[in-house]
Amino acid sequence: MHNERLDERLSDEELELFVQYLHRFANHDVDIFLNLEAGDPEHPVYWTFGRDYPPVGDASDYRRPFAHRRPPTSTTDINDGG
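About the thresholds
Residues numbered from 1 in each chain as written. Predicted model: local features only at pLDDT ≥ 70, side-chain atom pairs only at ≥ 80, totals over all residues. Heavy atoms only, no water. Helix = DSSP H or I, 4+ residues; strand = E, 2+ residues; numbered from the N terminus. Buried < 20%, exposed > 50% of the residue type's maximum accessible area, 1.4 Å probe, protein only. Contact = heavy atoms within 4.5 Å. Areas by Shrake-Rupley, 256 points an atom, 1.4 Å probe, with all protein chains shown as cover. Phe/Tyr/Trp six-rings, centres within 6.5 Å; stacked < 30°, edge-to-face > 60°. Polar contact = N/O pair within 3.5 Å; in protein donor to acceptor, adjacent residues only side chain to side chain. Pairing = 2+ DSSP bridges.

Quick word on the overall build of the protein chain
Along the protein chain, the regular secondary structure elements total one helix and two strands. Going from the N terminus to the C terminus, the protein chain shows its helices and strands as α-β-β. Here the protein chain holds 82 residues, and 13% of them are scored as buried. Counted over contacts in the protein chain with a minimum sequence separation of 6, partners at least 24 positions apart contribute 40%. Of the roughly 7,500 Å² that the protein chain leaves accessible, carbon and sulfur atoms contribute 54%.

Set out below in structure tokens:
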């Protein structure tokens, strides 16, 4: 997949869409864990998605983007992906 805009930052709207898609991806495609590499091959970013409580630190160390602008998608706990 090639995108001509790889050198541009995401707009606020694109960032919000990305986060929405990320929530859907986490809910439907992350079974137990998933490790990914993305970005510039010279300076990659490594992502770890997992269903366990935070692999490093405390749950309060992790923020939920745009949480102040929408109701939570879940009322249970972090392990349901919501």
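Here we look at the packing of aromatic side chains
Per the counting criterion, the structure on display carries three aromatic pairs. Geometrically, the ring pair formed by Phe 18 and Trp 47 is edge-to-face, given 6.0 Å between the ring centres and 85° between the ring planes. On the criterion of sequence distance, the pair formed by Phe 18 in helix H1 (residues 12-29) and Trp 47 in strand S2 (residues 45-50) is long-range, its members being 29 residues apart. Using a relative accessible area of 34% as the deciding quantity, one classes Phe 18 as partly exposed. A relative accessible area of 28% means that Trp 47 is categorised as partly exposed. Judged by centre distance (5.7 Å) and plane angle (70°), the ring pair of Phe 25 and Phe 49 falls under edge-to-face. With a gap of 24 residues between them, Phe 25 in helix H1 and Phe 49 in strand S2 connect regions that are remote in the sequence. Judged by relative accessible area, Phe 49 falls into the buried class, the value being 13%.

What about the environment of Asn 35?
Its location among the elements puts Asn 35 in strand S1 (residues 33-38). Expressed as a C-alpha distance, the spacing of Asn 35 and Tyr 46, which sit 11 residues apart in the sequence, is 7.3 Å. Each residue touching Asn 35, except ones within four places of it in the same chain, is listed here: Trp 47 and Thr 48. Of note is the side chain of Asn 35, whose polar atom sits 3.2 Å from the side chain of Thr 48.

Here we look at the pairing of S1
Burial analysis of S1 places just zero of its six residues in the buried class, a small minority of the element. The pairing of S1 with S2 spans six bridges and is antiparallel. The partner of Ala 38 across the bridge, within S2, is Val 45. What sits between S1 and S2 in their antiparallel hairpin is a turn of six residues, with Gly 39 showing a positive phi close to 90°.

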